[in-house]
Every structure is written in structure tokens, then in C-alpha cells.
Amino acid sequence: MIVSEQDAVWAADEFIKYYVNFTSIEDYLRYVKKEVILQSNQIVSLQEEFFNEDISPDDMEFDIKFIGSRFQNSLPQDYYVNLLKAVSSHNNESNIPGRELRWMVFEKKTQKVVGFIRFGSPTINSKPRNVWLGKQPDLRIFNRHAVMGFVIVPSQPFGYNYLGGKLLALLCCSHFAREKLNEVFEKDIALFETTSLYGSTTDSSQYDGLKPFMRYKGLTESKFLPLLHDDIFHKLHNRFTLLNNNTPLTDNKASSKKMKRQTKMISIIRNSLQNQEKLSEFNSVIGNAFELTQKKRFYTSEYGYQNVRQVILGEEDKLVRGPNWDKFELKNIISWWKKKSTKRYEKLKQEGRFRTKVELWTEDDDIQIIR
């Protein structure tokens, strides 16, 4: 598809105006998040929904509440989406194709929110995974046994005060999670994967220090263009759809369709632009935008099985429980977390660094924690 010079210059300028001012991934995340919040028209404060009490971890208990009408005593999707939007620095999409499982985690005594989790089908390819396996696996076998954590977000100050991110990650690695995932996904889950928000520019993550439950496997190969946020994306894609005989640039049911449509628009602009100066400026800005993304720290859990790699590679048929199997029981995982969290809690109290303020993107403050 080739468009007119006028349309190509207009589209190139829209991309340039959007990306030119970002110097880091944090700049991008803050900009997109603030745009989303400005459009949400959320007036009522959500402060009271989130945990900010001063309670010892030893005195805490937790409720895991499922999201969606198919689950008994579940919470509605809109409730999950609105509260997550207030906490997370990501623009988390509400409608996602494929099977998924969403949780909200509450401290039982206060019935206040401490975090959010979303499981989904894993990415098709991953360099650290392939290195661990020795090759790219048969996807039919791999997909039967693997799941990914896409949202593992603690509310604040719970995350800061109590190692809340570690608690949520541990819940993902529990036999309780594995059994529920088997029911929802109709699979035989044995491998959990996730990646850190920040990657190669930092040397730590909330997932570090969780052996034997979760282990670091290396850095992903992440070189992609950060997505345009909704308004500018739809402005551009609506124009390209009109120019394409009122036909979207990809099928509406295509996976990762936003990324694919954005990539297609960039290709069309490059192929259509005759103005070499404008083309050079466009390529320079897009090239710099690609550098915003980082290699992500990649982590896995094998739920206490001892032969997950062999089963995924098709070398063995039956999963075998390892010596750490019982450690992955939910009560044992929470007990392990309580010991770590209590040390953190007591240290913060002694040093006068314990926080009580709920941090929300819906408030006016400039949030310092990107999560």
C-alpha cells in the first residue's frame, strides 16, 4: 500500500510529535498513564479501597478473589480494571484475547486490596527460555504446560512496606494457583514465566530472592517500538483505514493487532515518503524510540516438579514431583513470605521509613514509584 505524499508527511509528523520528547521508558510510561487517567473521568477517590494499615505480617491473612462472572462469588471486571488503573503505571488493556485468569488479593481482616494478578498464555518465543531448554520447544507441548504472569502489581504502600510484590509472585507459584489454572485453562500447568518491568538498566527485581520458588533465567531480547496510546493510535489508524478502502490494516481478530497495525503504518510511511529530509527525520525518531525499550529480566517457576524441562522437550511423558514439592503449598508459601516480610517491616519501623500514604495515579501527586 502506498499513500499520497501529503498523507505520508501528515502521518510521519504525528509519529514524530508523539515520540520525539521521550528520553527514557519512564518518560513514556508516565505520559501514557497520565493520558489514560485524564480520560477516565474518575471523580471519587479510591483511597479507602487500598491497604495502608500498620499491621505485623504475622497477623495478616489473605483472600484471593476471582474476577469475572463465570466464577462463584467473583468480582466484576470493571472493578478490577478501575482499581488496577489507579495503581499500575502500565496502561493495562481490559479486553484481551485468549484464556486468562485475573485475581485481586485482599488482606482478610481489613478487606482492603493489596494487589492484582493476571495470568495468560505465554509469549511464543523467548531467548532465556530457549537457552534453558536448549532449543525452541514444540509449541503444542509447551502450551499445554506453561502459563505467564502479565500483571503482578502490589498496591502501595503495601508493596514497599511488606515486600508485597514478592507475596504476589509467590502466590503465582503456589499449588493453589497451578490447580486453578489447570481448571480454567484446561491444561496441565508445570511452568510459570514472568518478566520484570525494568530490565537491563537495573540489577534487581521484586522477583529476586525467591529461590526455590522462582529463579532468574536471563534477559529477554526486547527491541520493539513502545505502542502509541489510544487517542493518537486511533487517529492514525482510522486515517489509514480510510485510505485502505475502509479496510483495517490487519484482521480485527488478529493477535497483537495494535502492534501489527502500528508496524504496518510505519512501513507504509517509509515506502510512501518522497521527501528525503522528512524520511530521515522520521527514521531517526523511530530509531530512538526503539531504544526506549529494555531487555527484561526473565523468571520461571516449576511448581516443585523435577523434570519440567524433559517433559516440555518431549523426552518424558509424566511430570514427577521433586523434593521441594510441599514448599509450594499455599500455606507454606505465605509462611515463607511472612518471615521475610516481618524483617522488612521491623526494619522500616525502626528506621522511621514505614509509609502510610496510599499512592494512586488518580491523585494529583507525582508518583515516584513506577510499577
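Because the structure is predicted, anything quoted here is derived from the model rather than measured.

**Student:** Honestly, the overall build of the protein chain in this entry has me stumped. Any pointers?
**Tutor:** Regarding its fold elements, the protein chain presents 13 helices and seven strands. In the protein chain, buried positions account for 49% of the 371 residues. In the structure as shown, the protein chain presents an accessible area of about 18,400 Å², 46% of it carried by carbon and sulfur atoms.

**Student:** Any chance you could explain helix α13 (residues 330-351) here in plain terms?
**Tutor:** Given 3.6 residues to a turn, an α-helix orients residues that are three or four positions apart in the same direction. Across its 22 residues, α13 extends 31 Å between first and last C-alpha, which sits within 8% of the 32 Å expected from 1.5 Å per residue. Listed as buried for α13 are Ile333, Ile334, Trp337, Lys338, Ser341, Thr342, Tyr345 and Leu348. Its buried side turned inward, α13 meets β1 (62-66), α6 (158-162) and α7 (164-172).

**Student:** I'm lost on the pattern of salt bridges in this one. Help?
**Tutor:** Two side chains carrying opposite charge are able to pair once their charged atoms lie near each other. Here the structure, examined in full by the defined rule, presents 18 salt bridges. A salt bridge links Glu53 to Lys112, with the nearest nitrogen and oxygen atoms 2.9 Å apart. You can see Glu53 sitting in the loop between α2 (25-40) and β1 and its partner Lys112 sitting in strand β3 (residues 112-120), a full 59 residues away along the chain. A salt bridge links Lys349 to Asp54; the nearest nitrogen and oxygen atoms lie 2.3 Å apart. In this pair, Lys349 sits in helix α13 while Asp54 sits in the loop between α2 and β1, placing the two residues 295 residues apart along the sequence. Assessed through its relative accessible area of 41%, Asp54 is described here as partly exposed. Residues joined in a network through salt bridges with shared partners are Asp13, Lys278 and Glu281.

**Student:** Sorry if this is basic, but what is going on with the packing of helix α10 (residues 257-272) against helix α11 (residues 276-290) here?
**Tutor:** Helix-helix packing is described using two parameters, namely the angle between the two axes and the distance between the axes. Remark: α10 packs on α11, axes separated minimally by 10 Å, with the N-to-C direction vectors making an angle of 155°. By the angle between their directions, the pair α10 and α11 is classed as roughly antiparallel. Between α10 and α11 lies a crossing of left-handed hand. The segment α10 lies against α11, with Ile266, Ile269 and Arg270 engaging Leu279, Phe282, Asn283 and Ile286.

**Student:** Help me understand the packing of aromatic side chains, please; the structure alone is not making it clear to me.
**Tutor:** Geometry of an aromatic ring pair is reported as the spacing of the ring centres plus the angle between the planes. Counted under the stated rule, the structure contains 28 aromatic pairs. The interplanar angle of 80° and the centroid separation of 5.7 Å between the aromatic rings of Tyr80 and Phe116 together place this pair among those described as edge-to-face. Placement of the pair is Tyr80 in helix α3 (residues 77-87) and Phe116 in strand β3, with a sequence separation of 36 residues. Like Tyr80, the residue Phe116 is buried in the burial classification. Counting every residue linked through ring pairs, the aromatic cluster contains Phe51, Phe62, Phe158, Tyr162, Trp337, Tyr345 and Phe354. Across the ring face of Phe354, the terminal group of Lys349 is positioned such that the distance to the ring centre comes to 5.1 Å. The residue whose ring lies beneath Arg355 is Tyr160, and the NZ or CZ to ring-centre distance is 3.6 Å.

**Student:** Sorry, what's going on with helix α8 (residues 175-185) here?
**Tutor:** Looking at α8, one finds that the buried residues are His175, Ala177, Arg178, Leu181, Asn182, Val184 and Phe185. Glu186 sits one or two positions beyond α8 and adopts a positive phi of about 55°.

**Student:** What is the right way to look at unusual backbone geometry in this model?
**Tutor:** Generally, phi is negative for residues other than glycine and the peptide bonds are trans, each holding for most cases. In the segment running from Gln156 into Pro157, the intervening peptide bond is cis, with an omega of 25°. Here the residue pair Lys211 and Pro212 is connected by a cis peptide bond, since its omega of 10° sits within 30 degrees of zero. Mapping Pro212 onto the fold places it in the loop between β5 (191-199) and β6 (215-219). Of note, the phi angle at Asn246 is positive, near 60°, even though the residue is not glycine. Locating Asn246 in the fold gives a position in the loop between α9 (230-243) and α10. Although it is not a glycine, Tyr303 adopts a positive phi angle of roughly 55°. Looking at the secondary structure, you find Tyr303 in the loop between β7 (296-301) and α12 (308-312).

**Student:** Hey, could you run me through the nonpolar core in this one?
**Tutor:** One recurring pattern in soluble globular proteins: nonpolar side chains tend to sit buried together. In terms of nonpolar packing, the biggest core is built from 57 residues, with Phe62, Leu101, Trp103, Phe119, Phe158, Leu171 and Phe192 touching the most fellow members. The greatest single-element share of this core, amounting to six residues, is contributed by α7. Once you skip the residues sitting within four places of it in the chain, Phe192 turns out to touch Phe119, Val147, Met148, Gly149, Ile152, Cys172, Cys173, Met214, Tyr299, Thr300, Ser301 and Tyr303. Counting residues in each nonpolar core, the second largest holds 31 residues, with Phe15, Phe233, Phe240 and Leu249 among its members.

**Student:** Help me understand the side chain of Arg297, please; the structure alone is not making it clear to me.
**Tutor:** Along the chain, Arg297 turns up in strand β7. Among the polar contacts made by the side chain of Arg297, one reaches the side chain of Tyr299 at a distance of 2.8 Å.

**Student:** Would you mind showing me how to read the environment of Trp325 here?
**Tutor:** Positionally, Trp325 belongs in the loop between α12 and α13. Residue classification places Trp325 among the buried residues on the basis of a relative accessible area of 7%. Other than its neighbours up to four places away in sequence, Trp325 contacts His175, Arg178, Tyr303, Gly304 and Tyr305.

**Student:** Sorry if this is basic, but what is going on with the side chain of Thr342 here?
**Tutor:** Tracing the chain through its elements places Thr342 in helix α13. Apart from residues lying up to four places away in sequence, Thr342 is in contact with Pro57 and Asp58.

Criteria and thresholds
Residues numbered from 1 in each chain as written. Predicted model: local features only at pLDDT ≥ 70, side-chain atom pairs only at ≥ 80, totals over all residues. Heavy atoms only, no water. Helix = DSSP H or I, 4+ residues; strand = E, 2+ residues; numbered from the N terminus. Buried < 20%, exposed > 50% of the residue type's maximum accessible area, 1.4 Å probe, protein only. Areas by Shrake-Rupley, 256 points an atom, 1.4 Å probe, with all protein chains shown as cover. Expected span 1.5 Å × (residues − 1). Contact = heavy atoms within 4.5 Å. Salt bridge = Lys/Arg side-chain N within 4 Å of Asp/Glu carboxyl O. Axes fitted to C-alpha atoms, helices over the stretch in contact; angles between N-to-C directions. Parallel < 35°, antiparallel > 145°, perpendicular 65-115°, else oblique. Left-handed = near helix turned anticlockwise from the far one by under 90°. Phe/Tyr/Trp six-rings, centres within 6.5 Å; stacked < 30°, edge-to-face > 60°. Lys NZ or Arg CZ within 6 Å of the ring centre and 35° of its normal. Core = buried A, V, L, I, M, F, W, Y, C linked by side-chain atoms within 4.5 Å. Polar contact = N/O pair within 3.5 Å; in protein donor to acceptor, adjacent residues only side chain to side chain.

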